[in-house]
Structure formats: structure tokens, C-alpha cells
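Understanding the architecture of this molecule
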Amino acid sequence: MTDAAALPGQPRGAVVSGPATERAVNVLAPNPSAMTLDGTNTWILSEPDSPLAVVVDPGPLDEGHLRHVVDTAERLGKRVALTLLTHGHPDHAEGAGRFAELTGSPVRALDPALRLGDEGLTAGRVVDVGGLELRVVPTPGHTADSLSFHLPADRAVLTGDTILGRGTTMVAHPDGRLGDYLDSLRRLRSLTVDDGVHTVLPGHGPVLEDAQGAVEYYLAHRATRLAQVETAVENGHRTAPDVVAHVYADVDRSLWPAAELSVRAQLEYLTDHGLI
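Here goes a summary of the coordinates provided. In this numbering scheme, every chain counts its residues from 1 along its sequence in written order. Given that the model is predicted, a residue must reach a pLDDT of at least 70 before its local features are reported, and side-chain atom pairs must reach 80 or more before they are shown or counted; all residues, however, enter totals for whole chains, interfaces and linings. The side-chain figures draw on all heavy atoms in the structure; neither hydrogens nor water molecules are used.

1. A few points about the overall build of the protein chain
Rules: Where helices and strands are cited, they refer to DSSP runs of H or I of at least four residues and of E of at least two residues respectively, numbered from the N terminus. All radius of gyration figures rest on C-alpha atoms, and the globule criterion is 2.2 Å times the number of residues raised to 0.38. Using a 1.4 Å probe on the protein chains alone, a residue whose accessible area is under 20% of its type maximum counts as buried, one over 50% counts as exposed, and one in between counts as partly exposed. Contacts are assigned to residue pairs with any non-hydrogen atoms lying within 4.5 Å of each other. Here the accessible surface of atoms and residues is derived via Shrake-Rupley with a 1.4 Å probe, and residues count as covered only by protein chains that are part of the display.
Tallying secondary structure elements over the protein chain gives seven helices and 11 strands in all. The C-alpha radius of gyration of the protein chain comes to 19 Å, within 12% of the 19 Å expected for a compact globule of 276 residues. Considered along the principal axes of its C-alpha atoms, the protein chain spans approximately 60 × 40 × 35 Å. A burial count over the protein chain gives 51% of its 276 residues as buried. Counting only contacts in the protein chain whose residues sit at least 6 apart along the sequence, the fraction spanning at least 24 positions is 62%. Here the protein chain displays about 11,700 Å² of accessible surface, and carbon together with sulfur accounts for 51% of that area.

Here it is as C-alpha cells:
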């Protein structure tokens, strides 16, 4: 058995519903798959002595899950006052409308099409609910509308799909762009260096105890993949499917469609920078 402390980011262990930090509780959605890992992590955030809570990513349109989130908050003595979205992919955001009906809470997101209420989310915005402080961190790349949320009091960051608890994420071309994604990883690295963030609360997979290690691993992984794609093109693999078959030969074929999106993003990046 591999020691979790030796894995990138030091994953905490099994993905379970329950407390993750002093202010964060996970409710795991019942939507496991090759893409969603154990399922979507729906996060309930609150100051310990506050009756108000923020929910990040209510998840898929699954009535049982959405009601479970509400019930969990109520058992904690909390009322959901606000819902936030890291991005608009259905496994994170599809249930937001129904969740708003169940809780009466507004939904805030970067994409205006996903909002329910007047306010959106912008870079540098500080969300304060019941004394809980969340700082909005723009992290485009996986998608154009991807956000992370810095939880200073727990020295943690909620990363959505920008950093996962296990494996690596895709750059969802053409909406996602590799250059943006690399900038976002560097922005997250600065949180670990300058702001003392050490815990990653991801959208999928286990909590990571070594945020800086996770970011460094992601940056190294992207650099390696980019070099492999560049070499593949130089060796005559010109189309995205051909590059996937060559570079991702060791990856489960069920993941090749997602890998192809990332390859298209990498090819675009290499072309834009005059490298192919």
C-alpha cells in the first residue's frame, strides 16, 4: 500500500462526507465516475458559532443529494444563506436552481447565466456570511469561468476542478485554455507561499494536506505533458486523436475524450507560442 504522505499533495485518505476543517464539511454526491472520481464534493462552510452557512457547488440535479445537503446543514444548526459555484459544469452546478428553491439562498457565480440573484463574483471579491470570510480567486483554464475560494481562517482553498484530490484535471478546450490554466496554478502557488495556504478542498477526491506540493506536481505534470505533445508533433503525430493515442497510451481509454480536449488546448498553446 502506498503511503498517502508520499503521494502528490498528501491526500488525507478515503473520500467521506463529514468535517474536513474547522469550518468546512463535505457532503459527497452520489455521482461517481471516471471523470468525477468518488463523486462531487459539496462543501458546507460556516463559522463555528454562526447560524449561517455557505454552500459551494451543490452538485448534480439529484433531489436526494440536495436534500441531504440541507439536512446536514440543519443538523449542524445552520441555515444556508448563500450558494457559490466554482464553475458551470453540470456535476457542480446543475442542481443549483433546485437547491436555491430548497434553501431560498441566492446563487453567485462568475458566469451571469448561472446566477440567481443580483450579485456575481469577481476577482478579489471578499464574501462575508455570518463572519465567514471567503476570498474569490480567479482560476480560469479548466473552464473560462473557473473560480477558487480562499478560506483564510482554515488556511485552505476550495479549488473546484482546478486541482483535484487525485490525479490531474483536463483543460476543457476550447472554453478552457492552457495558458490561463498555468497562470491559475501559479496564482494558487502564491497562496501557498505568501498566504500560508496548506489545505486543498477539491471538487472531487480527497482533501490534500500539502497544497504547495499539489500545485508543484500539477505544474511539473503540465510541463511534462506539453513536452511530450511537442515531441509527438515533431514525430509526425499531427492530429489531436493521434497525439492522444501516442502520449496517453498508458491512460484508461475511457478518459481519452477528456485527454483529447487537453491535447487540443496544448496544441493551441504550442502554436500560439510558435513552438510547432
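We are not done yet, so read on.
2. Observations concerning the pattern of salt bridges
Think of it this way: side chains of opposite charge can pair up when their charged atoms draw near. The criterion, for reference: Here, a salt bridge means any Lys or Arg side-chain nitrogen found within 4 Å of an Asp or Glu carboxyl oxygen.
Counting across every chain of the model gives 16 salt bridges. With a shortest N-O distance of 2.8 Å, Arg 98 and Glu 63 are connected by a salt bridge. Of this pair, Arg 98 sits in helix α3 (residues 96-103) while Glu 63 sits in helix α1 (residues 63-75); the two residues are 35 residues apart in sequence, bridging distant segments of the chain. Here the salt bridges do not stand alone but share partners, grouping Glu 22, Arg 23, Glu 47 and Asp 154 into one network.

3. Description of the packing of α1 against α3
Convention followed: Fitted lines through C-alpha atoms give the axes, limited to the stretch in contact for helices. The angle between two N-to-C directions lies from 0 to 180 degrees. An angle below 35 degrees is read as roughly parallel, one above 145 as roughly antiparallel, one from 65 to 115 as roughly perpendicular, and any other as oblique. A crossing counts as left-handed when the near helix is turned anticlockwise from the far one by less than a right angle, and as right-handed when that turn is clockwise.
Contact pair α1 / α3: the axes reach a minimum separation of 10 Å and the direction vectors enclose 40°. As far as their axial angle goes, α3 and α1 are oblique. Judged by the twist between their axes, the crossing of α1 over α3 is right-handed. Residues Glu 63, Leu 66, Arg 67, Val 69 and Val 70 of α1 form the contact with α3, whose own contacting residues are Arg 98, Phe 99, Leu 102 and Thr 103.

4. Describing unusual backbone geometry
Note the cis peptide between His 173 and Pro 174, where omega equals 5°. Phi is positive for Leu 37, close to 60°, though the residue is something other than glycine. Mapping Leu 37 onto the fold places it in the loop between β2 (24-28) and β3 (41-45).

5. Some words on the pairing of strand β11 (residues 199-202)
Taken residue by residue, a regular strand's side chains alternate between the two faces of the sheet. So the rule is basically this: A pair of strands is treated as paired once DSSP finds two or more bridges between them. By convention, a crossover is right-handed whenever its connection, traced from the first strand over the helix to the second and viewed with the strands pointing away, goes clockwise.
Here β11 shows two buried faces, one formed by Thr 199 and Leu 201 and the other by Val 200 and Pro 202. Here strand β10 (residues 156-160) pairs with β11 via four bridges, running parallel. Across the sheet, residue Gly 160 finds its bridge partner in β11, namely Pro 202. Chirality of the crossover, the property in question, places the unit of β10, helix α4 (residues 178-194) and β11 among those that are right-handed.

6. Focus on the pairing of strand β9 (residues 147-151)
For β9, a buried count of five out of five residues is recorded, marking the element as mostly surrounded by other parts of the structure. Neither face of β9 is left uncovered, since the one carrying Leu 147, Phe 149 and Leu 151 and the one carrying Ser 148 and His 150 both have all their residues buried. As judged from the four bridges shared by strand β8 (residues 132-138) and β9, these two strands associate in the antiparallel manner. The residue of β9 that forms the bridge with Val 137 is Ser 148. Sheet topology note: the β9/β10 ladder contains three bridges and is antiparallel. Considered in β10, the bridge of Leu 151 is made with Ala 156. Where β9 folds back onto β10 in an antiparallel hairpin, the turn is made up of four residues, including Arg 155, whose phi is positive at roughly 50°.

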